Each structure stands twice: as C-alpha cells, then as structure tokens.
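Spelled out from the first residue to the last, the chains are:
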Amino acid sequence: GITSNTPTRHMESVLPMLDIHDHFKWFACSQDVKYEKPSMEIFDASFEQAKFWIPDLQKDEVLHIGDSYAADYCGAKRFGFQALLLDRSDNPAVVAYQDWIEAPDYEGKSVEEVRTKCCILEILTLLIIVEQNDSVFKHCCWTVLTILQWLHIKIG
C-alpha cells in the first residue's frame with residue numbers, strides 16, 4: 001500500500017500514468033484521511049486498509065519505507081510499524097519536502113537505532129534476504145521489489 005501526504009489526484013492520475021497503480025492494494029492519502037504523516041491517524045488508516053487484505057496483520061509486521069526522517073521513519077515507529085529510512089540526501093536531484101516537520105518521539109528513539117539505506121538497491125537486498133514462508137508476505141515483498149526496481153530506473 002501507499003501512505004502519502006500527496007493529494008488524492010496523484011493516486012488517481014500519476015500512479016496509473018506511471019503504470020504502477022495496480023501493484024498496490026490500498027492508498028491512504030492525507031487529503032482523504034484529513035491528517036498528514038507523521039500523525040498517527042494516517043498510519044492507522046493505512047493499517048486498517050492493510051488489515052482488509054491481511055486480517056490478522058500486526059503493526060510490527062508492517063515495514064514502512066520512506067525518505068523523511070520525521071514524517072516516515074519516526075511517524076511509522078511511533079505508530080508501531082517497522083521503519084526504514086531511504087536516505088537520498090547525497091543525491092542533488094532529490095528535494096526534501098516538509099523539512100519543517102518535527103520528528104515525533106517513540107519508545108527507544110535514538111540516532112543509533114535508525115535503520116537507513118542509501119539507495120534503492122540496498123533496500124532490494126534487504127528484502128531479498130528476508131526469508132518467510134508466508135505467501136502473502138512473499139507477494140508483498142515482490143510487489144515492493146517491483147516498485148523499487150521501477151523507482152531505481154526512473155530516479156537513479
């Protein structure tokens with residue numbers, strides 16, 4: 001799924017135009033939820049939609065990948081998700097949006113605890129290493145792999 005602070009029209013127009021819309025089962029947009037990341041409400045909306053597809057899903061079984069420390073990483077961790085920070089700060093083509101957001105606190109928060117990956121390929125490697133027997137998990141991993149491979153091709 002996608003949890004995004006972008007307007008709903010991006011989910012309805014940009015993703016289909018890029019031919020990646022069908023890879024996702026749910027979309028939690030701040031415009032629809034009325035809350036932006038890092039608010040717990042948007043993560044809760046995403047989690048509830050995910051549970052429609054995987055009814056016994058637990059929060060700590062969800063991996064949220066994002067490129068904002070405050071909105072994505074800390075917001076997801078505070079909600080109870082696993083989180084991975086995609087650190088693209090060395091890439092001059094990547095612009096940081098909403099850099100004024102303060103990172104929320106969560107239990108165990110520390111700089112040393114942050115799991116970062118510098119590039120899409122590192123995330124792909126991480127997902128390939130994870131071994132699970134659950135077919136839903138495998139489907140989700142391969143969907144993420146497909147999307148991340150596409151993003152790597154498009155944004156480098």
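Relevant structure appears above.
A. Highlighting the overall build of the protein. A count of helical and extended segments in the protein gives six helices and five strands. Expressed as a percentage of its 156 residues, the buried residues of the protein come to 36%. Put simply, of all contacts in the protein between residues at least 6 apart along the chain, 57% involve residues at least 24 apart. Counting only carbon and sulfur atoms, one obtains 54% of the accessible surface of the protein, whose full area is about 9700 Å².

B. Expanded view of helix α1 (residues 8-17). Burial in α1 covers these residues: Thr8, Met11 and Leu15. The arc that holds the buried residues of α1, viewed along the axis, is 65°, so those residues lie on one side. Those residues of α1 that are exposed and aimed more than 90 degrees away from the buried face are Arg9 and Met17. Packed against the buried residues of α1 are β1 (2-4), β2 (27-29) and α2 (30-33). Of the residues flanking the end of α1, it is Asp19, one or two places downstream, whose phi is positive at about 65°.

C. Representation of the packing of aromatic side chains. In this structure the tally under the stated criterion is eight aromatic pairs. The interplanar angle of 70° and the centroid separation of 6.1 Å between the aromatic rings of Phe47 and Phe79 together place this pair among those described as edge-to-face. Of the two residues, Phe47 is situated in helix α3 (residues 40-53) and Phe79 in helix α4 (residues 69-79); the sequence distance between them amounts to 32 residues. Residues Phe47 and Phe79 agree in their burial class; the two are buried. Here Phe52 and Trp53 contribute two aromatic rings whose centre-to-centre distance is 5.2 Å and whose plane-to-plane angle is 85°, an arrangement assigned as edge-to-face. A relative accessible area of 64% places Phe52 in the exposed class. With a relative accessible area of 43%, Trp53 lands in the partly exposed category. Taken together, the ring pairs connect Phe43, Phe47, Phe79 and Phe81 into an aromatic cluster. When the ring centre of Phe79 is taken as reference, the NZ or CZ atom of Lys59 above it lies at 3.9 Å.

D. Representation of the environment of Leu84. Residue placement: Leu84 occurs in strand β4 (residues 82-86). Since its relative accessible area comes to 1%, Leu84 is described here as buried. The spatial distance from the C-alpha of Leu84 to the C-alpha of Leu63 is 7.2 Å, given a sequence separation of 21 residues.

E. Layout of the nonpolar core. Of all hydrophobic cores here, the largest spans 19 residues; its most connected members are Phe43, Phe47, Leu57, Tyr73 and Phe81. Among the secondary structure elements, those contributing two or more residues to this core are α3, α4 and β4. With sequence-adjacent residues up to four places away left out, Phe47 is seen in contact with Leu57, Gln58, Lys59, Val62, Phe79 and Phe81.

F. Seen up close, unusual backbone geometry. Cis geometry is adopted by the peptide bond preceding Pro38, which originates at Lys37 and carries an omega value of 20°. Even without glycine at this site, Lys34 takes up a positive phi of about 75°.

G. Looking closely at α3. Between its first and last C-alpha atoms α3 spans 20 Å; for 14 residues at 1.5 Å apiece the expected length is 20 Å, and the two agree. Listed in full, the buried residues belonging to α3 are Ile42, Phe43, Ser46, Phe47 and Ala50. Each buried residue of α3 lies within a common arc of 135° when the element is viewed along its axis, so the set occupies one face. If you follow the buried residues of α3, they end up packed against β1, β2, α2, β3 (63-66) and α4.

Cut-off values and rules
Residues numbered from 1 in each chain as written. Predicted model: local features only at pLDDT ≥ 70, side-chain atom pairs only at ≥ 80, totals over all residues. Heavy atoms only, no water. Helix = DSSP H or I, 4+ residues; strand = E, 2+ residues; numbered from the N terminus. Buried < 20%, exposed > 50% of the residue type's maximum accessible area, 1.4 Å probe, protein only. Contact = heavy atoms within 4.5 Å. Areas by Shrake-Rupley, 256 points an atom, 1.4 Å probe, with all protein chains shown as cover. Arc of directions from axis to C-beta. Phe/Tyr/Trp six-rings, centres within 6.5 Å; stacked < 30°, edge-to-face > 60°. Lys NZ or Arg CZ within 6 Å of the ring centre and 35° of its normal. Core = buried A, V, L, I, M, F, W, Y, C linked by side-chain atoms within 4.5 Å. Expected span 1.5 Å × (residues − 1).

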